Amino acid sequence: MKLINGSIIVLALAASSTPFNLWADQSEVELLKQARVTKHQAKKIALARVKRGTIKSAELEKENGVLIWSFDIARPGRKDVTEVWVDATTGKITAVDVETPLGEKKEAAEDKVKKWLSH
């Protein structure tokens, strides 16, 4: 029963946070055409912010109407991950957030639901 309730909550959160995101159907190729900052340049910017970090994942996406490079960066000896958003047009860091392993799992589940709903 708890699993069903949890699934319902995740579905509700995903549905309410993006009213079928207008950019969900844009391919990465289309987004790359819009980016003025390359992935390599954005990585350098993100890693300068998180010293001794290693990039676990990178994604080009639109968040709140802004094209960003999103990086999950791990640091040695730490379980948390630092998420850094680099504006793909200006190269400026627009957000930095430290995520715990539990928060990461929750975000991954929400992303999975969003992708499922957008198909």
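Computed from a predicted model, the values in this text were never measured in an experiment.

Draft legend 1. Quick peek at the nonpolar core. If you look at the biggest cluster of nonpolar residues, it comprises 13 residues, and the most contacted ones within it are Trp69, Phe71 and Val86. No other element matches the four residues that strand β2 (residues 66-74) contributes to this core. Among residues more than four places away in sequence, those in contact with Trp69 are Leu32, Ala35, Val37, Thr38, Lys39, Ala42, Glu59, Leu60, Val84, Trp85, Val86 and Ala88.

Draft legend 2. Fine view of the sheet that holds strand β1 (residues 54-63). The strand order β1-β2-β3-β4 describes an open sheet built from four strands, whose pairing is antiparallel. At either margin of the open sheet sits one strand with a lone partner, and together these are β1 and β4 (93-99). Ignoring which end each strand starts from, the neighbouring axes of this sheet average 20° apart. Note: β1 against β2, nine bridges, orientation antiparallel. Residue pairing for β2: Ile55 is matched across the bridge by Ile73. Along the sheet, helix α3 (residues 39-49) contacts β1, β2, β3 (81-87) and β4; its crossing angle with β2, the most-contacted strand, is approximately 50°.

Draft legend 3. Layout of the confidence of the model for the chain. In the predicted model, the chain carries a mean pLDDT of 81, and 78% of its residues have values of at least 70. No element of the chain has a lower mean pLDDT than helix α1 (residues 2-17), which averages 48, and none a higher one than α3, which averages 97. Taken together, the stretch residues 10-21 has pLDDT below 50 and engages in 15 contacts with residues farther than four places along the chain or on a different chain.

Draft legend 4. Just unusual backbone geometry, in detail. Its identity as a non-glycine residue notwithstanding, Arg52 has a phi of 60°, on the positive side. Mapped onto the fold, Arg52 is located in the loop between α3 and β1. Looking at Arg52, the relative accessible area reads 68%, which means it is exposed. The backbone of Asn64 shows a phi angle near 55°, a positive value even though the residue is not glycine. Among the structural elements, Asn64 can be located in the loop between β1 and β2. For Asn64, a relative accessible area of 74% puts it in the exposed group.

Each value, and the rule that gives it
Residues numbered from 1 in each chain as written. Predicted model: local features only at pLDDT ≥ 70, side-chain atom pairs only at ≥ 80, totals over all residues. Heavy atoms only, no water. Core = buried A, V, L, I, M, F, W, Y, C linked by side-chain atoms within 4.5 Å. Buried < 20%, exposed > 50% of the residue type's maximum accessible area, 1.4 Å probe, protein only. Helix = DSSP H or I, 4+ residues; strand = E, 2+ residues; numbered from the N terminus. Contact = heavy atoms within 4.5 Å. Pairing = 2+ DSSP bridges. Axes fitted to C-alpha atoms, helices over the stretch in contact; angles between N-to-C directions. pLDDT = per-residue confidence, 0-100.

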